[in-house]
Amino acid sequence: MESLMLPRRSLLQMAAAPALSFLLPPLNARAASRRGTERARSLIVLWMNGGMSQLETWDPHPGTASGGDAKDVATTVPELRISSLLPQMAEQMHHCLTIRSVTSKEGDHERGTAFVRSGYRPEPTLKYPTLGAIVVSQLGAGKLEIPPYISVSPRIPVPEGGYLGNAWNAFRVHHPGREVSNLEAPVPDARQTRRLENLQLLSRGFAASHPAAARQTLHDDLTGKALQMMQSEQLQAFRLDDEPEVLKKAYGDTEFGRGCLVARRLVETGVRVVEVTLPGFDTHVSNHEGHVTQCRILDPAMSTLINDLHQRDLLQSTIVLCISEFGRTPAVNPAAGRDHWPAWFSCVISGGGFRKSAVIGETPADVPVSDPPAPKDPVTVPEICATILDQLGIDGSKEVTTPVGRPVRFSDCSPSPRLIASADGH
Amino acid sequence: MKTRQLLVLVALGLLMAVVVQLSGRVDPVQAQPSEVSAADQLDTAVAGLDAWFAVKWQADSVSPAAAADDLAVFRRVSLALYGCGPSLEDLRAFERDTQPDRLDRWIRQMLRDPRFAGYFARRLSRSLVGVEQGPFIIFRRDQLTDWLEEQLLQDAPWSEMARQLIAAEGLWTDRPASNFITIARMENEDLDENKLAGRTVRTFLGQRIDCAQCHDHFLDTRWKQRHFEGLAAWFGQAQVTPGGVTDFATPPDQPQPEYRVVAPKEDASASRIVVPEVPFHAEWLPSTGSRRARLAAWVTHADNRRFERAIANRIWGLMFGRPLHEPVDDLPHPEDKPDDALDLLGREFRARGDRLSTLIRMIALSAPFRLNTAAADNADEAARQTASWAAFPLVRLRPEQVIGSLFQAGRVRSVDQNSHPLIRLTRMTSENEFIEEYGDAGEDELIPQAGTISQMLLKMNGRFSRELGKVDLLTGPAQVLALSPDDSAIVENSFLMCLSRRPDSAELLHFQKQLQQARQTGDEQRKAVVEDLFWALFNSPEFAWNH
């Protein structure tokens, strides 16, 4: 089939035409030459949707009543053993901070997701922005021609800007590695030019009758940005054609694996926040088998991502956070599943100035479901969020006013030194 | 496509082509709405409302915008009541009606149309149960929406609907109003009384007192924590049992459950009993009935002005896309100020039996609803005019209004209950798929939001505008091209279908010229011109915004 996308030359020609004022001149393409600490920081969230079991992943308790069928394996961090379902990650744990004592009170998927993504428990009258939305609203897009906040999530609702507005919603990519939806004009160049001329005529007419109101719509601005994105060379970041086969294979021939590779490419291009979702963790039935399947996808993708970022000297500037909305119960239910368990769960953070080769928190092996004790060294979700914001250079204590006039801070918690690497890097 | 589906499509196309051909024009005939009886007329009430706004504009030193064209007002009404722009069929019929009260008569007819009930029920349900998924099995949004739809079709009193929602007893399928309660069930299977209290007060009384759950209200010092706790206690005996929601799960000869509050960081054993209490006018409480039934009676009491003001502000918001007071569910105390537009609306609403149709008609017939959008070049001046309701606010269409309008604009006839099942099915699936991609407005639907690049890309390049704007067998653009008598009519019909207005002279000339040039190169080129015209109309700011 003939490619219907406008060539870059066509766009420049169109932009030169006085009638098409909403076509902005394209910006310089990929700007990703900086490495190491010189580079602006980015965030990659690996979202384990449904509630990952800590016991089958980062916090196994083999040989105990709650341990289930999970075995453990030694890692590159001497005192740390993780699930044997994650052998490749075991080789990368020296790049990571493992937190086994994340606490929450939200045991519902929607509420738990909103809490972990924002650092605030959901409220009926205020929708908090996700961390990613705060980051891009504060740091901007720079010279990016593609959105600075990308969600690689086939079916999960995209992370949203909440009270900051939906301008900061993540841009969703449905199928990583394939063409991004809706970026190709459905008609040949000549017709696209005619369409844009028609649109320009209508826009001008509307602006002439309601000048101030028409400016308020930002319609021309958005149209221009959409057209710019359609033509941007930065779109190359979404494609995997020029990646070596061996590397693609290392990430895994899965949507999640491709999503992680695309995430690296996006970060390299200058995207500030990428969320890659791995659905399928809501294992109320056959928990162990479910996690065997999930870990086969997660393990190669996450370990290769961390190693790839490290090899490219991008890990210092990129925070990789692997987390889910809650954990799963120590008790195994009659359907061999584990249910929702917000009392404690695990997350792993790598890069971006966070501690390496470190473990925080310790959970008891066997606990009563009805009245669980607190884990040792509990770490709250707001604490993690505040520290991530801080590491990205954002003042979490900054107070903003919501559309209904309510003052609110980006974070109601202080950044936590215990999560941050010391001068020696650990 | 399977052969059978293809045959159905071909048969439908032929049938529609024959029907339209028989009419001899892209101008189907539709019955005119009946007269409004003297008892049903709202002239005096609307005049009172308009007078209130006239005084306000004078006090705010703003001049009202010019009156909007009737077709523009008709589009606003259609967007608010049907969730889409009007069809060419409806526009033609509306234009043929030359009576001075045609707008009111058409609104009354629209209020009896299942399209109104279906769409408005979905809008109202957001204020009742938000947009969350809710607990599995025991929360049935579809049942609640179907029930609301039926109530709207019957023009049931809002106070009666509110009483049923707050005090519902029974199964979530058998008594759909009980879903207002079941959505508050928590993981531990208890009901969240706080959530129910907060929602009840926000939705039915238009007050945000949620923060008083933990402390006295910081900004509105009249709301104390004990008020919130007292209101939550009315839900303290509600339970979700296998037989449904009830306040009577405990046999009467046994101690009834009490609402208990545990202070933060305290052990559950340190809880204290909170008795049901209302923050004002306890004399409105009936002495008998379940706790929730007594609360419902208090909320809807004829003297409780908050009740009528809350729904008047909500309906204003649904009609304009912006409430009179923002946020929609946090109104000033009625006793703190002289009567305002909400009181005028509320009084008429009460006098006419608490029917939402009264509010909808009054708002749609009022002067602010029938004014143009601000025409000023100066942003401050336009903002002042809009803030005083001296101009119609410019409001982005909601996601379902975008796809609804796209779908309707892609057809000549109204897409309604009389449409072919295949068309109705396609509309429903298109709407679901479009909203999933476009993004839902969420519960805070009346807060202004900007568009996003992904939304713009979806409209420009996505399959919805591509398919609906295509000159193909069954589509509106094909009918416009085939049946319009000349190029001028092609352009005019296209504009009416998409923007509910005729093209101005420059626009007409521009598109006529394209059609004329294409005539020399053949039918395919003319098809392409019409498709490109529809594409531009679909993607124009005028299409995407209510104005």
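It should be emphasised that the depicted structure is a prediction, and the values quoted were computed from it without experimental measurement. (Residues numbered from 1 in each chain as written. Chains lettered and ligands numbered in written order. Predicted model: local features only at pLDDT ≥ 70, side-chain atom pairs only at ≥ 80, totals over all residues.)

1. Things to note about the overall build of chain B
Secondary structure summary: chain B contains 25 helices and six strands in total. Relative to a compact globule of 547 residues, whose C-alpha radius of gyration would be 24 Å, chain B shows 26 Å and is just as compact. When each of the 547 residues of chain B is scored for burial, the buried share is 50%. Contacts in chain B between residues far apart in sequence, at least 24 positions, make up 69% of those at least 6 positions apart. (Helix = DSSP H or I, 4+ residues; strand = E, 2+ residues; numbered from the N terminus. Rg over C-alpha atoms; globule rule 2.2 N^0.38 Å. Buried ≥ 20, exposed ≤ 12 C-beta atoms within 10 Å, placed from the backbone. Contact = placed C-beta atoms within 7 Å.)

2. A word on the overall build of chain A
Regarding its fold elements, chain A presents 11 helices and 15 strands. Scored against the burial criterion, the 426 residues of chain A give a buried share of 52%. Pairs at least 24 apart in sequence give 72% of the contacts found in chain A among residues at least 6 apart.

3. Section: helix H16 (residues 379–387) of chain B
Buried within H16 of chain B we find Ala382, Gln385 and Thr386 of chain B. Down the axis of H16 of chain B, the buried set is contained in an arc of 95°. They therefore lie on one face. Buried-residue contacts for H16 of chain B involve helix H6 (211–217) of chain A. (Arc of directions from axis to C-beta.)

4. Here we look at the confidence of the model for chain B
Confidence in the prediction of chain B, expressed as mean pLDDT, is 90, and 93% of residues score 70 or more. This stretch, residues 17–25 of chain B, has a pLDDT under 50; its non-local contacts, to residues over four places away or in other chains, come to six contacts. (pLDDT = per-residue confidence, 0-100.)

5. Comments concerning the domain arrangement of chain B
Residues and elements named next belong to chain B. What the domain assignment lists for chain B is domain 1 (1–30 + 394–547) and domain 2 (115–299). Opposite the five residues of domain 1 that make contact, domain 2 presents four residues. Residues of the side of domain 1 that touches domain 2, tallied by class, amount to no nonpolar, one polar and four charged. (Domains from an automatic or database assignment. Nonpolar A, V, L, I, M, F, W, Y, C, P; charged D, E, K, R; others polar.)

6. A closer look at the interface of chain A and chain B
With 49 residues of chain A at the interface, the matching set in chain B holds 52 residues. Every element with two or more residues in the side of chain A that touches chain B is listed here: strand S6 (171–173), helix H5 (189–209), H6 and helix H7 (219–231) of chain A. Broken down by element, the side of chain A that touches chain B gets its largest block of residues, 11 residues, from H5 of chain A. Broken down by class, the residue content of the side of chain A that touches chain B amounts to 22 nonpolar, 16 polar and 11 charged.

7. Observations concerning the pairing of strand S7 (residues 273–279) of chain A
All names here are of chain A. With six of seven residues buried, S7 lies mostly within the body of the structure. In the sheet, strand S1 (residues 42–49) pairs with S7 via seven bridges, with the strands oriented parallel. Residue pairing for S7: leucine 43 is matched across the bridge by valine 273. As paired strands, strand S5 (residues 149–152) and S7 are joined by four bridges and run parallel to one another. From the neighbouring strand, valine 152 faces S7, where its bridge partner is valine 276. (Pairing = 2+ DSSP bridges.)

8. As for the packing of helix H17 (residues 399–409) of chain B against helix H18 (residues 421–438) of chain B
Residues and elements named next belong to chain B. It is at 9 Å that the axes of H17 and H18 come closest, and there the two elements cross at 135°. One element, H17, and the other, H18, form an angle in the oblique class. As for the relative orientation of H17 and H18, their crossing is right-handed in sense. Across from Pro399, Glu400, Val402, Ile403, Gly404 and Phe407 in H17, the residues of H18 making contact are Arg427, Ser430, Glu431, Phe434, Ile435 and Tyr438. Class assignment of the residues belonging to the contact of H17 with H18 gives a composition of seven nonpolar, two polar and three charged. (Axes fitted to C-alpha atoms, helices over the stretch in contact; angles between N-to-C directions. Parallel < 35°, antiparallel > 145°, perpendicular 65-115°, else oblique. Left-handed = near helix turned anticlockwise from the far one by under 90°.)

9. A closer look at helix H14 (residues 341–351) of chain B
For an α-helix, 3.6 residues make a turn, and residues three or four places apart therefore share a direction. All buried positions along H14 of chain B are accounted for by Ala341, Leu342, Leu344, Leu345, Gly346, Glu348 and Phe349 of chain B. In the stretch just after H14 of chain B, glycine 353 of chain B is the one whose phi turns positive, near 85°.

10. Looking at the nonpolar core
Judged by nonpolar contacts, the single largest core of 251 residues is most densely connected at Leu46 and Leu321 of chain A. A per-element tally of this core places helix H13 (residues 305–320) of chain B first, with nine residues. Among the domains, domain 1 (1–30 + 394–547) and domain 2 (115–299) of chain B are the pair contributing at least three residues each to this core. Those residues in contact with leucine 321 of chain A that lie beyond four places of it in its chain are Leu43, Val45, Leu46, Cys347, Ile349 and Ile388 of chain A. (Core = buried A, V, L, I, M, F, W, Y, C linked by C-beta atoms within 7 Å.)

11. Side note on the confidence of the model for chain A
When pLDDT is averaged across chain A, the result is 89; 90% of the residues are at 70 or more. The model gives residues 1–31 of chain A a pLDDT under 50, and that stretch makes 50 contacts with residues more than four places away or in other chains.

12. Regarding the environment of isoleucine 107 of chain B
All names here are of chain B. Assignment of secondary structure puts isoleucine 107 in helix H5 (residues 102–111). Take isoleucine 107: there are 23 C-beta atoms within 10 Å of it, and that puts it in the buried class. Each C-alpha atom, one on isoleucine 107 and one on proline 33, is 9.1 Å from the other, the two residues being 74 residues apart in sequence.

13. Side note on the environment of valine 245 of chain B
Residue and element names in this part refer to chain B. Assignment of secondary structure puts valine 245 in strand S2 (residues 244–246). Accessibility expressed as a C-beta count within 10 Å gives 26 for valine 245, which makes it buried. Taking the C-alpha atoms as reference points, valine 245 and isoleucine 183, 62 residues apart in sequence, are found 11 Å from one another. Those residues in contact with valine 245 that lie beyond four places of it in its chain are Ala168, Glu169, Gly170, Ser178, Ile181, Thr182, Ala238 and Val240.

14. Quick word on the environment of valine 262 of chain A
Residue and element names in this part refer to chain A. Note on placement: valine 262 falls in helix H9 (residues 255–269). For valine 262 and phenylalanine 238, which are 24 residues apart along the polypeptide, the C-alpha to C-alpha distance reads 5.7 Å. Among all residues touching valine 262, those that are not within four sequence positions of it are Val152, Pro176, Gly177, Phe238 and Leu240.

15. Some points on the pairing of strand S4 (residues 96–103) of chain A
Two faces, one strand: in a regular strand the side chains alternate between the faces of the sheet. All names here are of chain A. Burial analysis of S4 places seven of its eight residues in the buried class, the great majority of the element. Where S4 lies against strand S11 (residues 345–350), five bridges are found, and the strand directions are antiparallel. Of the residues in S11, the one forming a bridge with valine 102 is phenylalanine 345. Inspection of the sheet shows S4 paired to strand S12 (residues 358–360) by three bridges, in the parallel sense. Each bridged residue has a counterpart across the sheet, and for leucine 97 the counterpart in S12 is alanine 358. Examined bridge by bridge, S4 and strand S13 (residues 379–380) share two bridges and lie parallel to one another. Note that in S13 the partner of valine 102 across the bridge is valine 379.

16. Here we look at unusual backbone geometry
The peptide bond linking glutamate 326 of chain B to proline 327 of chain B adopts the cis configuration, its omega dihedral lying at -5°. Within the element layout of this structure, proline 327 of chain B appears in the loop between H13 and H14. One non-glycine residue with positive phi stands out, namely aspartate 313 of chain A, at about 60°. Secondary-structure assignment places aspartate 313 of chain A in the loop between helix H10 (287–311) and strand S8 (318–323). Even without glycine at this site, alanine 336 of chain A takes up a positive phi of about 60°. For alanine 336 of chain A, a count of 16 C-beta atoms within 10 Å corresponds to the partly exposed category.

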